[in-house]
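Below are the chains, spelled out letter by letter.
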Amino acid sequence: MIAFLRGKLVESMPHQAIVDVGGVGYLTNIPLTTFDRLPQQGGEVTLLTHYHVTDRDHTLFGFFTNDERDLFRLLMDRVSGIGPKMALSVLSGMPVPAFKDAVIRNDTAALARIKGVGKKTAERIVLELKDKVGVVDAWQAAKVAKGTHDPKQEAMSDAVLGLIALGYKQSEAQKAVNEVVKQPGFDTATSSDKIIREALRELQ
């Protein structure tokens with residue numbers, strides 16, 4: 001799987017970018033939030049990627065941040081009826097923090113204003129992310145952790161969100177992370193990536 005691209009930006013449009021990596025041009029579909037942060041043509045760029053494979057084609061999606069890519073995957077994997085095209089529209093229509101706030105507040109009207117979403121899809125997004133996945137609890141915890149500037153809590157919250165992005169429910173992800181941080185010798189400066197690796201062992 002292609003995890004990221006780093007190279008020269010050859011061409012960019014609001015929903016696509018071509019990146020030259022060692023003489024190979026990779027066409028990536030991108031949200032507007034990523035397009036807005038691209039360098040000038042010819043500049044170096046790094047895009048985090050999602051490689052989407054179907055019976056009909058292979059498509060590469062590019063993102064400027066982990067939050068964008070995680071939300072893209074979450075929408076596709078956890079909300080029924082949402083494919084990559086719709087997930088990209090959601091990211092283009094609303095910054096990730098605003099989307100999370102809208103879901104937390106049950107603000108389906110704000111979500112419905114995103115091009116291509118509509119009222120029914122907005123309601124389904126809130127219902128399935130909030131009730132079935134439980135990701136909203138993790139988003140709220142992450143927001144609190146960042147507000148208190150507690151490195152340990154931030155790492156734990158980021159780890160829970162990372163596990164949810166990998167397909168685990170919020171409750172089991174939180175339980176596994178709690179087990180990791182309770183282990184003797186746990187370093188409060190441990191990164192979220194290391195917590196995720198340890199938590200995956202707990203979840204096996």
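Structure shown above.
Note that this is a predicted model, so its numbers are computed, not measured.

## Thoughts on the side chain of Arg78
Right, so step 1: With respect to the helices and strands, Arg78 occurs in helix α2 (residues 66–78).
Right, so step 2: Buried within the structure, Arg78 lacks any salt-bridge partner; its nearest side chain of opposite charge belongs to Asp77, at an N-O separation of 5.9 Å.
Right, so step 3: A polar side-chain atom of Arg78 sits 3.2 Å from the main-chain carbonyl oxygen of Tyr168.

## What to know about helix α8 (residues 151–165)
Right, so step 1: Taking 1.5 Å as the rise per residue, α8 with 15 residues should run 21 Å; its terminal C-alpha atoms sit 21 Å apart, in good agreement.
Right, so step 2: Just downstream of α8, Gly167 is the residue with a positive phi angle, here 115°.

## Side note on the packing of aromatic side chains
Any pair of aromatic rings gets described here by the distance separating the centres and the angle formed by the planes.
Right, so step 1: The final tally for this structure, using the stated rule, is two aromatic pairs.
Right, so step 2: Consider the rings of Phe61 and Phe72, whose centres lie 4.9 Å apart with planes at 40°: the pair is tilted. Taken together, the residues Phe61 in strand β5 (residues 58–63) and Phe72 in helix α2 connect sequence positions 11 residues apart.
Right, so step 3: Aromatic side chains Phe63 and Phe72 sit 4.9 Å apart centroid to centroid with 50° between the ring planes, which places their arrangement in the tilted category.

## Description of the pairing of strand β3 (residues 24–29)
Right, so step 1: In this sheet, β3 lies alongside strand β2 (residues 16–21) in antiparallel orientation, the contact comprising six bridges. Its bridge partner being in β3, Ala17 is matched across the sheet by Thr28.
Right, so step 2: The antiparallel hairpin formed by β2 and β3 contains two residues in its connecting segment, where Gly22 sits at a positive phi of about 60°.

## Some details on the packing of helix α9 (residues 170–181) against helix α10 (residues 192–203)
Right, so step 1: Put simply, α9 and α10 touch, their axes get as near as 8 Å, and they point 110° apart. With respect to α10, the axis of α9 lies roughly perpendicular. In this structure, α9 uses Glu172, Ala176, Val177, Glu179 and Val180 to contact α10, whose residues at the interface are Ile195, Glu198, Ala199, Glu202 and Leu203.
Right, so step 2: Its residues placed into classes, the contact of α9 with α10 shows six nonpolar, no polar and four charged.

## Section: α10
Right, so step 1: Look at α10: 16 Å from first C-alpha to last across 12 residues, which is about the 16 Å you get at 1.5 Å a residue.
Right, so step 2: Of the residues making up α10, those classed as buried are Ser192, Ile195, Ile196 and Ala199. What you see down the axis of α10 is that its buried residues fit within an arc of 100°, all on one side.
Right, so step 3: In this structure, the buried side of α10 is in contact with α8 and α9.

## A word on the nonpolar core
Right, so step 1: Grouped together as the largest cluster of nonpolar side chains are 45 residues, with contacts concentrated most on Leu75, Phe99, Leu111, Ile125, Leu129 and Trp139.
Right, so step 2: A total of seven residues in this core trace back to one element, the largest contributor, which is α8.
Right, so step 3: Each of domain 2 (68–130) and domain 3 (148–203) gives at least three residues to this core.
Right, so step 4: Every residue in contact with Trp139, bar those within four places of it in the chain, is listed here: Leu71, Leu74, Phe99, Lys100, Val103, Ile104, Leu129 and Leu161.
Right, so step 5: Residues Leu9, Ile30, Leu38 and Leu47 belong to the second largest nonpolar core, which totals nine residues.

Conventions we followed
Residues numbered from 1 in each chain as written. Predicted model: local features only at pLDDT ≥ 70, side-chain atom pairs only at ≥ 80, totals over all residues. Heavy atoms only, no water. Helix = DSSP H or I, 4+ residues; strand = E, 2+ residues; numbered from the N terminus. Buried < 20%, exposed > 50% of the residue type's maximum accessible area, 1.4 Å probe, protein only. Lys, Arg positive; Asp, Glu negative; His and termini not counted. Salt bridge = Lys/Arg side-chain N within 4 Å of Asp/Glu carboxyl O. Polar contact = N/O pair within 3.5 Å; in protein donor to acceptor, adjacent residues only side chain to side chain. Expected span 1.5 Å × (residues − 1). Phe/Tyr/Trp six-rings, centres within 6.5 Å; stacked < 30°, edge-to-face > 60°. Pairing = 2+ DSSP bridges. Axes fitted to C-alpha atoms, helices over the stretch in contact; angles between N-to-C directions. Parallel < 35°, antiparallel > 145°, perpendicular 65-115°, else oblique. Contact = heavy atoms within 4.5 Å. Nonpolar A, V, L, I, M, F, W, Y, C, P; charged D, E, K, R; others polar. Arc of directions from axis to C-beta. Core = buried A, V, L, I, M, F, W, Y, C linked by side-chain atoms within 4.5 Å. Domains from an automatic or database assignment.

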